[in-house]
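Chain and residue survey
Residues per chain are reported as follows:
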Amino acid sequence: MAGQQTIPSQELAAEVAAGSGQAVNRCYQCHKCTAGCPVAMAMDLMPHQVVRYVQLGLEEELIKSKTIWQCAACRTCVSRCPNGIDIAAINDALKQRALARGAAPALPEVAAFHQAFLASVKSRGRVHELGMLAAYKLKTRTYLQDAPLGFKMLRRGKLPIFSGGIKNKGRFRAMWEGSKEERR
């Protein structure tokens, strides 16, 4: 029918709000998040557009977007937002949705870093930088790209070879598994 408008589905907004802890429907598109974002010039969707796309249920466009992977999670958006919406948390929820669906990330190298970081935290309770970087380099097959810098950092003690982890790993694992259950 000509002239008939479709009503946006609120399903995505509800799921992203639950997964991110953010009240996405409180955004009234003032654009303050975008105005303050230090990475906006490199994004294909501006931060305010991410929230709007979530509100409109445009999941495919969000999953294909580079923006959810480019966000630096600096939280400038939340400091500027009159409603305190943390777009980095929304982007994290969207990344998790993309990975759970098996969607190819728009920026595979960023997704590989994201996965290596989380695997390092899960196994040790904290990030072991050298191990995380080794896993990242294996996934991206960029083995020697940063070798000179890596050797300098090792020599200066900036990349410890061994990681002690945390004291109460059992408690951490319970928390990690609990947060995984909450996301389901």
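These remarks concern the structure in this document.

Let's talk about a positive patch on the surface
On the surface, K152, R155, R156 and K158 cluster together into a positively charged patch. Within the fold, K152 resides in helix α10 (residues 147-155).

Considerations on the nonpolar core
Grouped together as the largest cluster of nonpolar side chains are 24 residues, with contacts concentrated most on V16, V24, V54, L62, I90 and L94. Of the residues forming this core, the biggest block, 5 residues, is contributed by helix α7 (residues 87-101). Dropping the residues within four chain positions of it, V16 is found in contact with G21, V24, V54, I90, A93, L94 and R97. The next biggest cluster of nonpolar side chains, apart from the first, holds 8 residues, and it includes V127, M132, Y136 and W176.

Things to note about the state of the cysteines
Here a disulfide denotes a covalent bond joining the sulfur atom of one cysteine to the sulfur atom of another. In total, this model carries 0 disulfides according to the counting rule given. Of all cysteine sulfurs, the one in C27 lies closest to C33, which takes part in no disulfide; the gap is 6.2 Å. As a non-bridged cysteine, C77 has C71 as the owner of its nearest cysteine sulfur, 6.2 Å distant. The exposure class assigned to C77 is buried, which follows from its relative accessible area of 11%.

Quick notes on the packing of α7 against helix α8 (residues 108-124)
The geometry of α7 relative to α8 is characterised by a closest axis approach of 12 Å and an angle of 95° between their N-to-C directions. Considering the angle they form, α7 stands roughly perpendicular to α8. Two secondary-structure elements touch here, α7 through K95, Q96 and L99 and α8 through H114, Q115 and L118.

With respect to the side chain of D86
Structurally, the position occupied by D86 is in the loop between α6 (76-80) and α7. Ignoring any residue separated from it by four or fewer positions in sequence, one finds D86 in contact with Q22, R75, C77 and V78.

Some points on unusual backbone geometry
A negative phi holds for most residues other than glycine; trans holds for most peptide bonds. Notably, Q29 is not glycine yet its phi reads approximately 60°, a positive angle. For Q29, the location among the structural elements is in the loop between α1 (11-20) and α2 (32-36). Even without a glycine there, the phi angle at A73 is positive, about 55°. Inspection of the secondary structure puts A73 in the loop between α5 (67-70) and α6.

A look at the environment of Y136
Relative to the helices and strands, Y136 is located in helix α9 (residues 129-140). Residues Y136 and A23, spaced 113 residues apart in sequence, show a C-alpha to C-alpha distance of 33 Å. With residues up to four places along the chain from it excluded, the contact list for Y136 reads E109, A112, F113 and A116.

A closer look at the packing of α8 against α9
A pair of packed helices is captured by two measures, namely the crossing angle of their axes and the spacing between those axes. Between α8 and α9, the shortest axis-to-axis distance is 9 Å and the interhelical angle comes to 145°. Both α8 and α9 take part in a crossing whose hand is right-handed. Judged by residue contacts, E109, A112, F113, Q115, A116, F117 and S120 of α8 engage M132, A135, Y136, K139 and T140 from α9. For the contact of α8 with α9, the class distribution of residues is 7 nonpolar, 3 polar and 2 charged.

Focus: the environment of S123
By the secondary structure assignment, S123 is in helix α8. Sequence spacing of S123 and K169 is 46 residues, and the spatial spacing of their C-alpha atoms is 9.1 Å. Within the local environment of S123, its side chain forms a polar contact with the backbone oxygen of S120, the two atoms lying 3.2 Å apart.

Overview of α9
For α9, built from 12 residues, the straight-helix expectation of 16 Å at 1.5 Å per residue is met to within 8% by its first-to-last C-alpha distance of 16 Å. Looking only at α9, the buried set comprises M132, Y136 and K137. Buried residues of α9, viewed axially, fall in a sector of 135°; they line one side. Those residues of α9 that are buried lie in contact with α8.

Procedures and definitions
- The numbering scheme is per chain: residues are counted from 1 as the chain's sequence reads.
- In keeping with the model being predicted, local features are shown solely for residues with a pLDDT of at least 70 and side-chain atom pairs are shown and tallied solely at 80 or more, while totals for entire chains, interfaces and linings include all residues.
- Note that water and hydrogens are dropped before the side-chain values are worked out from all heavy atoms of the structure.
- Every patch collects residues that have over 30% relative accessible area and no salt bridge, joining them within 9 Å if they carry like charges and within 5 Å if they are nonpolar side chains (Val, Leu, Ile, Met, Phe, Trp, Tyr).
- A 1.4 Å probe and the Shrake-Rupley method give the accessible areas. Residues count as covered only by the protein chains that appear here.
- The term salt bridge refers to a side-chain nitrogen of Lys or Arg lying within 4 Å of a carboxyl oxygen of Asp or Glu.
- Charged residues are defined here as Lys and Arg on the positive side and Asp and Glu on the negative side; His and the ends of the chain fall outside this count.
- Think of each charge as sitting on NZ of Lys, CZ of Arg, CG of Asp or CD of Glu.
- Counting from the N terminus, the helices are the DSSP runs of H or I reaching at least four residues and the strands are the DSSP runs of E reaching at least two.
- The set of buried Ala, Val, Leu, Ile, Met, Phe, Trp, Tyr and Cys residues whose side-chain atoms join them within 4.5 Å is what this entry labels a nonpolar core.
- Relative accessibility under 20% of the residue-type maximum defines a buried residue, over 50% an exposed one, and the middle range a partly exposed one, all with a 1.4 Å probe and only protein chains included.
- In what follows, residue pairs with any heavy atoms lying within 4.5 Å of each other are defined as contacts.
- Here, a disulfide means two cysteine sulfur atoms that sit within 2.5 Å of each other.
- Note on geometry: axes are C-alpha line fits, over the in-contact stretch for helices, and angles between N-to-C directions span 0 to 180 degrees.
- Orientation categories follow fixed angle ranges, with anything under 35 degrees roughly parallel, anything over 145 roughly antiparallel, 65 to 115 roughly perpendicular, and all other angles oblique.
- Here a crossing is taken to be left-handed if its near helix is turned anticlockwise relative to the far helix by less than a right angle, and right-handed if that turn runs clockwise.
- In this count, Pro and Cys sit with the nonpolar residues alongside Ala, Val, Leu, Ile, Met, Phe, Trp and Tyr, while Asp, Glu, Lys and Arg are called charged and the others, Gly among them, polar.
- For this analysis, a polar contact is any N or O atom pair within 3.5 Å, provided that within protein one partner can donate a hydrogen and the other can accept it, and provided that sequence-adjacent residues contribute only side-chain to side-chain pairs.
- What a helix should span is 1.5 Å times the count of its residues minus one.
- Directions pointing from the helix axis toward each C-beta atom define the arc.

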